[in-house]
Amino acid sequence: MTTPLLSLRGVSKSYGPVHANSGVDLDVAPGAIHAILGENGAGKSTLMKLIYGVESPDAGEILWDGAPVQIASPAAARRLGIGMVFQHFSLFETLTVVENVSLVVPGTKQELTERIMLFGREFGLEVDPLAHVHTLSVGERQRVEIIRCLLADPKLLILDEPTSVLPPQSAQKLFETLRRLAGRGVSILFISHKLEEIRSICSHATILRSGKVTGNVTPKDFDTHELAKMMIGRDMPAFARPKEMEQGASCLEIAGLTLETDDPFAVSLRDISLRVREGEILGIAGVSGNGQSELAAAISGETPLPRSMRDSIAMMGRNVSLLGAAGRRKLGFAFVPEDRLGQGAVPELSLVKNGLLTAHARGLKQGGLVRYGRARAFAKDCINAFDVRTPGPDAEAGALSGGNLQKFIVGREIMLEPKLLFLNQPTWGVDVGAASAIRKRLIELRNSGCAVLVISEEIEELFELADHIQVLNEGRLSERLKTSETRPEDIGRYMIESAEAAE
Amino acid sequence: MTTVLGLTLPRLVRRDHASVSMMVIAPFAALALAAFCNLLLYAGLGINPLIVFKAMLIDPFTSYFSFSEILLKAGPLLLIAQGLAIGFRAKVFNIGAEGQFVLGAIFASAIPVYAPQASGLWIWPSMLVMGMFGGLLWAAITAFWRARLNANEILVSLMLSFVAIQILNYLLLGPWKDPMGFNFPQSVMFQYDALLPILLPGTRVNVSLVLALVLAGAAWLFTQRSFAGYRLEVGGLAPNAARYAGFSQNRAVWLSLLIGGCAAGLAGAAEVAGPVGQLQRSISTGYGYAAIIVAYLGGLHPIGIVFSAFLMATLYIGGDNAMVSAGLPIAAVYVFQGSLLLAYLILSTFVRNRLEWPDKAPAVSEVGRQ
C-alpha cells in the first residue's frame, strides 16, 4: 500500500467533560474520495477542525505524507496543501467572484480571471468571474468556494456537507467535479450523513459514533440500511408511508400573495397560493434563498403585509392578513422557525424562560406575573416528552446541541396543541435519530387532525412526510404535486426550471 | 492567534454559561482597576495619592453627617438608575435621563411657584406626581420619534437634555425668577409644606430615599417576575425571538422610555422638594449621566444597582472631600466616574467570555514537508 497522504493516529480532543474525539485513527490515500460518516454530534466537525488547524488535538499525532506534523492554524494547513470548503460560505456578497478569490489567492485580477475560467472548464465548475456573488445561486457560490481552494493547489480538499444546499441535479454535477479532481490525484474528505451519495461516489468511508471510529468500510459493499446501523449504532426505525387521512377544513389558505422587496439580498414573493387542511402535511421544497425566509415571515406574521395584500392569508377560516404574530398564535397557529438560536429560542435564557416565549398563554402567567412554578413544569414536560438531552430546565438554551434545542422548540410548539403547525427546515443540522423522532411526531400530529406545513431543503424528508409538495423557486410556488405520484427528479426539475429558462 | 511584539496574545472564547462568579467580581475589580489608574493619575498631578484615597473612600464614612450625605446622594442615583436599567436590559438606550430629571424638577416646582402660600399635606406628594409626569412627558418625545420614524433614541434623548436645560434657564431668567431674589436666576424658596419630610433628624436625608428603596423592590418584581419585564428582556437579548413570539418592539420602546422618564422625573422632583428647596440652575449636576454608570455597574440588576448607587454616592461625597483636602480639580471626579464605567465594561466582557491561551506546545511547525 502506498503511504497515505494523511494519517491520524489516536487523535483525541475533549471540551471539558465532552470527548468530541477519542483515539481516532484515519488514513486518507492519495486520490481517494474518503467519506467521514456520522450523525450530528458524532465528532465529524471537531475532527475536521483538528485537520484544518482550527483546534489542536489533546493527544495523538497527525502524519502528512508519512511524517508527523503539527497543524497550528488554518494558514499552516493551507501551506501543507489542505483546503476546506465550509458548509456555510465565507464569501463577500457585494464583491465579484474574482475579487473574492483575490482576497486569499495572490495574483493580478487578469491572471485570476483566466485561471478561474480554466478551472471552470477543466472541472465543470463554470462560473462568471466578473459576476457579483449576490447574483449567484447557491450551487454557483459553492463552485466559487471550491475554485478558491483549488487555486491554492491543494493535495487534500475537505468538503463539509456540500450537498445539503444543492438540488439533486447540481449535486450530480458536483460529484462529477469531485471524480475529476480525484483522478488528478487530489484526495477528498467528504463529510456527510447522506448515505446514498456516499455510496455513489466515495471509495472509502470512516464511520464515527460518539467521537470514536466504529468502522472503516468500502461503502459500495454495504446497503444504506447497514451503513445507517453502523452510524447510529442501532436499527433505523422502519418507516412506512403514513396512510392518507380524511382531510378536513382548511386551516391555512394563501391566495395570490405577492411581496415586493427593495432589498437586493431578499427575494420577492410572486403570486403565492397554497392551502393546508386538517390532517394534511404540505411540504414546500426548494433550495434555501428562493424566498423561504420571506414566505415564512409572511405566514408567521413577523413581516407585516401591505394593505394591498389585506385579503391574502386566512387561518382557521379567518382573514389574518393584517394580524400580527401574537394574534395569529391566539387562533391556534404555532411556528418552528429556521433559526433556532436568536429566533426560536433566546440563547442566554434558561429553557424555563424559553418555554415561556410562546407557551405563556397556557396558564403560565397570572395578573401580569409569570408563574415560574408552572413554567418550570412546562419546560420539564417538554424535556421529558421530547427526549431533550440537557442537565435540566435551568440550562441555557445556547448550551444545548442543535438537535436537542430543536427537539425542545418543536416540542414546545407541539405542546401548544396547535390547529396549524408551520415548520421551517425542521431537521436542518439535526442528527438522524432526532430527525426521525421529530418526523414521527409530525405524522402523529397530522393523524390527530392538525394541519402541518413544512418548508425543507431535504427532498427525502418531504417524501417521508408530506401528502403534497409544492416547490418554491425564485419566489414562485409550483403547482401542487401529490407526493405518492411524484419522483424526486420531478421536484428537482421544478427547483431549477426557471433558473435555466433565465440563462 | 495574534502575535504582537513577539508575544502571543490569548483569544477571547465564548463561555457556555454566563459566569456567576465573574458577574459578582466584575464591579469590584472595576472599582479596584479604576481606583488604581486614577491614583496613578493623581500622582502624576503631583498630589499624594494616599491623601486622595483617604479623602475619597475613607473620610465619607468617618462622620454621621458625611455618611448621611452619601444617603442623600444615593437617592436620586438609585431612582434614575433603576428606571434606566429596565430600558437598557431591553436595549433601549435612554441617555437623556438628565433632561427628564430637569423636567421633573420644573413640573414639581410649578406648584410652589404658582401657589407659594398654599399649605397642607397634599403639596409635596402632588409635586412628586407632577415630577413623574414631567419626566414621562419628556421621555415620551423620544419614544414617539423612535417608534414612529425609528429615530435613534440615544441622540434624541441626549439632545433633548440640552433643550431641557434651556427651558430651565428661560424659566429662571424670566417668568419664574424670584422677584425678591436680587436678580439671581432662581425661583422663590419653597414653603415648608412643599418640602419632603426629613427622615434622619439633623441631616438632609428625606423620605425620597425610602421611596427609592421601595421602587428598587418594585423594579426587582418587574424585571424578575413580571411578564412585561420578561418581554423586555427577550426583546433586548434577541429581537428576532421577540418578533417571533409576537412581542411588539414599539411597545418595548414606549415602556422602557416611559419607565425611565418617570423615575428620572421623580428624582428631579425629590431634588427640588428636598435638599435644594427651590428651582435653581444648579439642580442639573449630572445625576442623569452618573446614573448610567450606576445602572451598568450594578449589572443592570435591581439589587446590584442598590449597591452601585451607594458606591457612586460615596465617590461624589469623597470627590468633594478630595477637592477640599487634596486640592483635586473637579474634573478628576468625572474622570474617575468615566474610568469606572470603562473598566466595568471591559471586565464585564469576561462574564460571557474567557481568555484562552494557545497551547504551550511549539507553535507552527511543518516538519515532514521537506
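Just so we're clear, the structure is a prediction, and the values are computed from it rather than from any experiment.

With that settled, the discussion passes to the overall build of chain A. A tally of regular secondary structure across chain A gives 16 helices and 23 strands. In summary, chain A has a C-alpha radius of gyration of 24 Å against a globular reference of 23 Å for 503 residues, a match within 12%. When the backbone C-alpha atoms are referred to their principal axes, chain A occupies close to 70 × 50 × 40 Å. Every one of the 503 residues in chain A was classed for burial, and the buried ones make up 55%.

Here we take up the overall build of chain B. Summing up its helical and strand segments, chain B has 13 helices and 4 strands in all. For chain B, the spread of C-alpha atoms along the three principal axes comes to 95 × 60 × 35 Å. Out of the 370 residues in chain B, the part that is buried amounts to 50%. For chain B, restricting intrachain contacts to residue pairs at least 6 apart in sequence, the fraction spanning at least 24 positions comes to 79%. Of the accessible surface of chain B, which amounts to about 17000 Å², a share of 71% is contributed by carbon and sulfur atoms. For chain B, the distance from the average position of its 20 positive side-chain charges to the average position of its 13 negative side-chain charges is 9 Å.

All names here are of chain A. Positionally, Val97 belongs in helix α3 (residues 97-102). A sequence separation of 32 residues divides Val97 from Pro129, and the C-alpha atoms of the two residues are 4.9 Å apart. Not counting residues up to four positions away in its chain, the partners in contact with Val97 are Ile116, Val127, Asp128, Pro129, Ala131, Val133, Leu136 and Val144.

The next point concerns the pattern of salt bridges. Pairing between side chains of opposite charge can happen when the charged atoms of each approach one another. Per the counting criterion, the structure on display carries 29 salt bridges over all chains. The salt bridge partner of Glu413 of chain A is Arg329 of chain A, with a shortest N-O separation of 3.1 Å. Of the two residues, Glu413 of chain A is situated in helix α13 (residues 402-415) and Arg329 of chain A in helix α10 (residues 325-330); the sequence distance between them amounts to 84 residues. On the accessibility criterion, Glu413 of chain A (0% relative accessible area) is buried. Note that Glu69 of chain B and Arg204 of chain B form a salt bridge whose closest N and O atoms lie 2.9 Å from each other. Linking Glu69 of chain B in helix α3 (residues 64-89) with Arg204 of chain B in the loop between α6 (153-173) and α7 (208-225), this pair joins segments that are 135 residues apart in sequence. On the basis of relative accessibility, which here comes to 10%, the residue Glu69 of chain B falls in the buried class.

All right, on to helix α11 (residues 351-359) of chain A then. Of all 9 residues that make up α11 of chain A, 9 are buried, and the element is covered over most of its length. Here the buried face of α11 of chain A lies against α10, β18 (369-370), α12 (372-385) and α13 of chain A together with α8 (227-237) and α9 (239-245) of chain B.

Turning our attention to α12 of chain A. End to end, α12 of chain A covers 20 Å across 14 residues, agreeing with the expected 20 Å (1.5 Å per residue, within 8%). Every buried residue belonging to α12 of chain A is among Tyr372, Ala375, Phe378, Ala379, Cys382 and Ile383 of chain A, and all of these are buried. Down the axis of α12 of chain A, the smallest arc covering the buried residues is 135°, so these residues share one side. The exposed set on the far side of α12 of chain A, more than 90 degrees from its buried face, consists of Gly373 and Asn384 of chain A. Where α12 of chain A is buried, its residues touch α11, β18 and α13 of chain A together with α7 of chain B. Note on α12 of chain A: the residue one or two positions beyond its end, Asp387 of chain A, has a positive phi of about 55°.

So, on to the sheet that holds strand β15 (residues 318-319) of chain A. Residue and element names in this part refer to chain A. One open sheet holds the 4 strands; their spatial order is β12-β11-β14-β15, and the pairing between them is antiparallel. Of all strands in the sheet, those with a lone pairing partner are β12 (269-277) and β15, marking the two edges. Across the sheet, helix α9 (residues 292-300) is in contact with β11 (250-259), β12 and β14 (313-315); its angle to β11 comes to roughly 125°.

Before going further, it helps to examine empty space enclosed by the protein. Residues and elements named next belong to chain A. Under the counting rule described, the total for this entry stands at 6 cavities of 30 Å³ or more. Roughly 90 Å³ of volume is contained in the largest cavity. Surrounding the largest cavity, Gly124, Leu125, Gly139, Gln142, Arg143, Leu166, Ser170, Lys173, Leu174 and Thr177 form its lining. Elements that contribute at least two residues to the lining of the largest cavity include exactly α5 (138-151) and α6 (168-183).

On to the sheet that holds strand β9 (residues 204-209) of chain A, then. Residue and element names in this part refer to chain A. Read from one edge to the other, the open sheet built from 6 strands follows the order β6-β7-β8-β3-β9-β10, with strand pairing classed as mixed. Looking at the sheet topology across the chains shown, the edges are occupied by β6 (82-85) and β10 (212-217). Averaged over all pairs of adjacent strands, the angle between their axes in this sheet comes to 20°, without regard to strand direction. Across the sheet, α5 is in contact with β6 and β7 (156-160); its angle to β6 comes to roughly 175°.

Turning to the interface of chain B and chain A, a few remarks are in order. Contacts between the two partners involve 35 residues from chain B and, on the opposite side, 40 residues from chain A. Of the roughly 3100 Å² buried at the junction of chain B and chain A (both faces included), carbon and sulfur atoms supply 56%. Notably, a salt bridge pairs Arg352 of chain B with Glu396 of chain A, separated by 3.4 Å at the nearest N-O pair. The interface formed by chain B and chain A includes 11 residue pairs in polar contact (both at pLDDT 80 or more).

What follows covers the domain arrangement of chain A. Taken domain by domain, chain A consists of domain 1 (6-232), domain 2 (237-332 + 418-503) and domain 3 (343-417). If you average the C-alpha positions of domain 1 of chain A and of domain 2 of chain A, the two centres end up 32 Å apart.

When you tally the buried positions in strand β20 (residues 451-455) of chain A, you get 5 out of 5 residues, the bulk of the element. Burial of β20 of chain A is two-sided: the residues Ala451, Leu453 and Ile455 of chain A facing one way and the residues Val452 and Val454 of chain A facing the other way are all buried.

This brings us to the packing of α7 of chain B against helix α12 (residues 302-326) of chain B. In a packed pair of helices, the relevant descriptors are the angle between the two axes and the axis-to-axis distance. All names here are of chain B. The interhelical angle for the contact between α7 and α12, taken along N-to-C directions, is 150°, at an axis separation of 8 Å. Relative to α12, the element α7 is oriented roughly antiparallel. For the pair α7 and α12, contact is made by Leu209, Leu213, Ala216, Ala219, Trp220, Thr223 and Gln224 and by Pro302, Ile303, Val306 and Phe310, respectively. In terms of residue class, the contact of α7 with α12 is made up of 9 nonpolar, 2 polar and no charged.

Moving on, we get to unusual backbone geometry. A negative phi angle is the norm for most residues apart from glycine, just as the trans form is the norm for most peptide bonds. Residues and elements named next belong to chain A. The phi dihedral of Asp153 falls on the positive side, at around 55°, and the residue is not glycine. Among the structural elements, Asp153 can be located in the loop between α5 and β7. Look at Asp153 and you get exposed, because its relative accessible area is 61%. Positive phi, normally seen in glycine, also occurs at Ser210, with a value near 50°. Locating Ser210 in the fold gives a position in the loop between β9 and β10. Judged by its relative accessible area of 55%, Ser210 is exposed.

To continue, consider the nonpolar core. With 94 residues, the main nonpolar core has Leu252, Leu257, Ile299, Leu421 and Ile491 of chain A together with Val234 of chain B as its most contacted residues. In this structure, Leu252 of chain A is in contact with Leu274, Arg275, Val276, Ile299, Ile313, Ala314, Met315, Leu420 and Leu453 of chain A, ignoring residues within four places of it in sequence. Among the nonpolar cores identified, the runner-up in size contains 84 residues, and Ala26, Phe190, Leu266 and Ile293 of chain B belong to it.

Here Arg352 of chain B lies in helix α13 (residues 330-352). Engagement of the side chain of Arg352 of chain B in a polar contact is seen with the side chain of Glu396 of chain A, the distance being 3.4 Å. Residues contacting Arg352 of chain B, with those up to four places away along its chain left out, are Glu348 and Glu396 of chain A together with Val13, Arg14, Arg15, His17 and Ala18 of chain B.

Our focus in this paragraph is the packing of aromatic side chains. Counting across every chain of the model gives 15 aromatic pairs over all chains. Between Phe61 of chain B and Phe67 of chain B, the aromatic rings sit 6.1 Å apart at their centres with planes inclined by 40°, giving tilted as the arrangement. Pairwise contacts between aromatic rings join Phe333, Phe335 and Phe422 of chain A together with Tyr244 of chain B into one cluster. One residue, Lys365 of chain A, lies across the ring of Phe227 of chain B, its end atom 4.5 Å from the ring centre. In this structure, Arg441 of chain A is placed above the aromatic ring of Phe386 of chain A, and the distance from its NZ or CZ to the ring centre is 4.1 Å.

Definitions and cut-offs
- Residues numbered from 1 in each chain as written.
- Chains lettered and ligands numbered in written order.
- Predicted model: local features only at pLDDT ≥ 70, side-chain atom pairs only at ≥ 80, totals over all residues.
- Heavy atoms only, no water.
- Helix = DSSP H or I, 4+ residues; strand = E, 2+ residues; numbered from the N terminus.
- Rg over C-alpha atoms; globule rule 2.2 N^0.38 Å.
- Buried < 20%, exposed > 50% of the residue type's maximum accessible area, 1.4 Å probe, protein only.
- Contact = heavy atoms within 4.5 Å.
- Areas by Shrake-Rupley, 256 points an atom, 1.4 Å probe, with all protein chains shown as cover.
- Lys, Arg positive; Asp, Glu negative; His and termini not counted.
- Charge placed at Lys NZ, Arg CZ, Asp CG, Glu CD.
- Salt bridge = Lys/Arg side-chain N within 4 Å of Asp/Glu carboxyl O.
- Expected span 1.5 Å × (residues − 1).
- Arc of directions from axis to C-beta.
- Pairing = 2+ DSSP bridges.
- Axes fitted to C-alpha atoms, helices over the stretch in contact; angles between N-to-C directions.
- 1 Å grid on protein atoms, 1.4 Å probe; cavity = no way out; pocket = protein on both sides within 12 Å on 5 of 7 lines; lining within 4 Å.
- Points joined across faces, edges and corners; volume = space filled by probe spheres on them.
- Buried area = accessible area lost by both parts, 1.4 Å probe.
- Polar contact = N/O pair within 3.5 Å; in protein donor to acceptor, adjacent residues only side chain to side chain.
- Domains from an automatic or database assignment.
- Parallel < 35°, antiparallel > 145°, perpendicular 65-115°, else oblique.
- Nonpolar A, V, L, I, M, F, W, Y, C, P; charged D, E, K, R; others polar.
- Core = buried A, V, L, I, M, F, W, Y, C linked by side-chain atoms within 4.5 Å.
- Phe/Tyr/Trp six-rings, centres within 6.5 Å; stacked < 30°, edge-to-face > 60°.
- Lys NZ or Arg CZ within 6 Å of the ring centre and 35° of its normal.

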